[in-house]
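# An overview of the molecular structure
The chain contents come next:
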Amino acid sequence: MIDDRDIYPIDSPLIAELASELKAKDVMTYNVITLYPQQKVIQAKEIMRLKKISGIPIVDNENRIEGIISIDDIIHYLEIRDLEAAISKYMTRKVVTVLEDQSIIEVLKQFKRNKYGRFPVVDKDRVLKGIITPGDILVRLLQILENHMVQQQTERTVRKVKGFENDVNIDESKAFVLNFVIEGGDVSQAGEASSNLKRTLADTGRYSPIFLRKVAVVSYEAEVNVVIHAYRGTMTVLVTPDFVKIIIVDEGPGICDIDLALEPGWSTASEHVRELGFGAGMGLYNMKRWSDELMIESIPGEGTTVTAIININ
Amino acid sequence: MRLSEIIESVPLKVEVDSDLEREVTGGYIGDLLSQVMAQAKNGNIWITIQGHQNIIAVAALLNLSGIIIASGVAPAQNMLEKAREEGINIFTSKANSYQLACQLHSAGVK
């Protein structure tokens, strides 16, 4: 049985929201075992034993609630050894019911006020529709919470941090692609891919120092993020006459809160890499500052894709 | 001002001599790599207490003129090897970052 401490207070905003939106009819058990007042208590006792239930609503011919018989009533009946008695003699007549459209939060308050283990759920004419226990509510809330967490985990967040307002047409005949593999976890190799990229571009002699610096900072920070946080990743660089587009795709933990990750100084890096001078929380911030366009896509638990565009002129 | 001129007046131990005729355009002090990536400029000499191999990628990407490892921090062997491969000048000093900055300034690095 659930006591008051388990139900109150409700701290989670999600649970509080659910509890006010959910109605008794969304949670209650529909197939209720009922008995008539003229049936015998011994029948009630046997049903309760066999079905492992602790209370049975008693209804009239139109399924309107007349009373309820609970374990307490049965104990009373057993003490008296009134074997042939009808249910009407022992049932509780002052039944606390809840309406099928009542919110779960109100139902929970009812459970707090009255120390009953269950409430018959009725419509406005007191016709029995179902039965509800604190356990039903808990199970349903847990179900919703679980679904919510699963959804949250697989939800892709796309954040256009800077630019990416228009699609860009690329003349493929004038573009070329460079591919780099980044191993996650191997801090000693951090900077390999971005160094190679910068060297390749610098060797053409076509680019200004400031452009090369932008490419260096953006690709370095993206690479370090993969090395520090992810299991593995790739960096694909599309070089066109007007801009370079750097796409870093990783398999990793993803980013739960992209806005927070963009805050300068925010870092989830380990103590070990911080001692090496990484994890200053400047990575994404530097990328934002030095790129002309930046987009971050992430699925928590799966990985992150960062796309940056740096204009040549 | 060239590195070769600087080492005449500033007591630096040359660990890797890749090209001491490089021009020094100024200096930067920092131990957080991202901070250095964001702030240090082409041709700067970088003063840091990091002596591990990850500093080489930063220096190479920024085209720094050299790295001074301060406060008597021992340079890692794999870092020195990488510096040779990448053509990065490496110096060490017992002096701390502030003292080094003062010495460089007196030597003419502004």
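Residues numbered from 1 in each chain as written. Chains lettered and ligands numbered in written order. Predicted model: local features only at pLDDT ≥ 70, side-chain atom pairs only at ≥ 80, totals over all residues. Heavy atoms only, no water.

### What about the nonpolar core?
What counts is decided by this rule: In these notes, a set of buried Ala, Val, Leu, Ile, Met, Phe, Trp, Tyr and Cys residues joined through side-chain atoms within 4.5 Å is what counts as a nonpolar core. Three exposure classes are used, based on accessible area relative to the maximum for each residue type with a 1.4 Å probe and protein chains only: buried under 20%, partly exposed in between, and exposed over 50%. Secondary structure follows DSSP: runs of H or I at least 4 residues long count as helices, runs of E at least 2 residues long count as strands, and numbering of each begins at the N terminus.
Counting residues in hydrophobic clusters, the biggest one holds 68 residues, and the most contacted among them are Ile246 of chain A together with Ile90 of chain B. Examining the composition of this core, we find that eleven residues originate from one element, helix α10 (residues 209-229) of chain A, more than from any other.

### A look at the interface of chain B and chain A
Which entries qualify depends on this criterion: Residue contacts are defined here by distance: any two heavy atoms, one from each residue, within 4.5 Å place the two residues in contact. What gets called buried area is simply the loss in accessible area from a 1.4 Å probe that two parts show on being joined, summed for both. The salt bridge criterion pairs a side-chain nitrogen of Lys or Arg with a carboxyl oxygen of Asp or Glu, the two atoms within 4 Å. Note on residue classes: Ala, Val, Leu, Ile, Met, Phe, Trp, Tyr, Cys and Pro are nonpolar, Asp, Glu, Lys and Arg are charged, and everything else, Gly too, is polar.
On the side of chain A, 25 residues touch chain B, which itself brings 23 residues to the contact. Roughly 1800 Å² of surface becomes buried between chain B and chain A when both sides are summed, with 48% attributable to carbon and sulfur atoms. For the pair chain B and chain A, the interface holds two salt bridges. Of the charged contacts in the structure, one is a salt bridge between glutamate 192 of chain A and lysine 82 of chain B, with a shortest N-O distance of 3.1 Å. At the level of elements, α2 (33-39), α3 (54-62) and α4 (77-86) of chain B are the ones that each hand at least two residues to the side of chain B that touches chain A. Of the residues in the side of chain B that touches chain A, the class split is ten nonpolar, nine polar and four charged.

### A look at the packing of α10 of chain A against α3 of chain B
Here is the rule: Axes here mean lines fitted to C-alpha atoms, for a helix over just the part in contact, with angles spanning 0 to 180 degrees between N-to-C directions. Angular relationships are summarised with four words: roughly parallel below 35 degrees, roughly antiparallel beyond 145, roughly perpendicular across 65 to 115, and oblique for the angles in between.
Following both chains from N to C, one finds α10 of chain A and α3 of chain B inclined at 155°, their axes separated by 9 Å at the closest point. As summarised for this structure, α10 of chain A and α3 of chain B are arranged roughly antiparallel, according to the angle between their axes. Counted together, Arg213, Ala216 and Tyr220 of chain A of α10 of chain A and Asn54, Ala57, Val58, Leu61 and Leu62 of chain B of α3 of chain B form the full contact between these two elements. Of the residues that constitute the contact of α10 of chain A with α3 of chain B, the class distribution is six nonpolar, one polar and one charged.

### Considering the pairing of strand β11 (residues 303-311) of chain A
Residues and elements named next belong to chain A. Defined as follows: Strands were regarded as paired on the criterion that DSSP finds at least two bridges between them.
Of all nine residues that make up β11, eight are buried, and the element is covered over most of its length. When strand β9 (residues 243-251) meets β11, the two strands line up antiparallel, connected through nine bridges. By the bridge assignment, phenylalanine 243 is partnered in β11 with asparagine 311. Adjacent in sequence and paired antiparallel, strand β10 (residues 293-299) and β11 are bridged by three residues, among which glycine 301 carries a positive phi angle near 90°.

### Overview of the pairing of strand β4 (residues 119-122) of chain A
For a regular strand, side chains alternate in direction, first toward one face of the sheet and then toward the other. Residue and element names in this part refer to chain A. On β4, burial covers both faces: Phe119 and Val121 on one face and Pro120 and Val122 on the other are all buried. Where strand β3 (residues 98-99) lies against β4, two bridges are found, and the strand directions are parallel. The residue bridging valine 98 from the neighbouring strand is valine 121, located in β4. Judged from the four bridges that link them, β4 and strand β5 (residues 128-132) form a sheet pairing that is antiparallel. Pairing of valine 122 across the sheet is with leucine 128, part of β5. Here β4 hands over to β5 after five residues, with arginine 126 in that stretch at a positive phi of 65°.

### Considerations on the packing of α10 of chain A against helix α13 (residues 283-290) of chain A
Residues and elements named next belong to chain A. We apply this condition: We call a crossing left-handed when the near helix sits turned anticlockwise from the far one by less than a right angle, and right-handed when that turn is clockwise.
Contact geometry of α10 with α13 gives a least axis separation of 9 Å together with a crossing angle of 155°. Here α10 is positioned roughly antiparallel relative to α13, judged by the angle of their axes. The handedness of the crossing between α10 and α13 comes out as left-handed. Between α10 and α13, the residues in contact are Ile210, Arg213, Lys214, Val217, Val218, Glu221, Ala222 and Asn225 and Gly283, Leu284, Asn286, Met287 and Trp290, respectively. Each residue belonging to the contact of α10 with α13 can be placed in one class, and the counts come to seven nonpolar, three polar and three charged.

### Quick look at the sheet that holds strand β3 (residues 45-48) of chain B
All names here are of chain B. Strand order in the open sheet formed by five strands is β1-β5-β4-β3-β2, with mixed pairing between adjacent strands. Either end of the sheet is taken by a strand with one partner, and the two such strands are β1 (13-16) and β2 (27-29). Going across the sheet, the axis of each strand differs from the next one's by a mean of 25°, ignoring polarity. Across three bridges, the pairing between β2 and β3 is parallel. Bridge assignment links isoleucine 29 to a residue of β3, and that residue is isoleucine 47. Contacts from helix α5 (residues 97-107) reach β2, β3 and β4 (66-69), with the element oriented near 155° to β3.

### Description of the environment of isoleucine 255 of chain A
All names here are of chain A. By the element assignment, isoleucine 255 lies in the loop between β9 and α11 (258-262). The class of isoleucine 255 is buried, set by a relative accessible area of 16%. Residues isoleucine 255 and glutamate 302, 47 residues apart in the sequence, show an inter-C-alpha distance of 9.4 Å. When sequence neighbours within four positions are dropped, the list of residues in contact with isoleucine 255 reads Ala261, Leu284, Ile296, Ser298, Pro300 and Thr304.

### Section: the confidence of the model for chain A
Threshold: Summary of the metric used: pLDDT quantifies the predictor's per-residue confidence within the range 0 to 100.
In this model, chain A carries a mean pLDDT of 89, and residues with pLDDT of at least 70 account for 95%. Scored below 50 in pLDDT, residues 1-8 of chain A shows 13 contacts in the model against residues more than four places distant or in partner chains.

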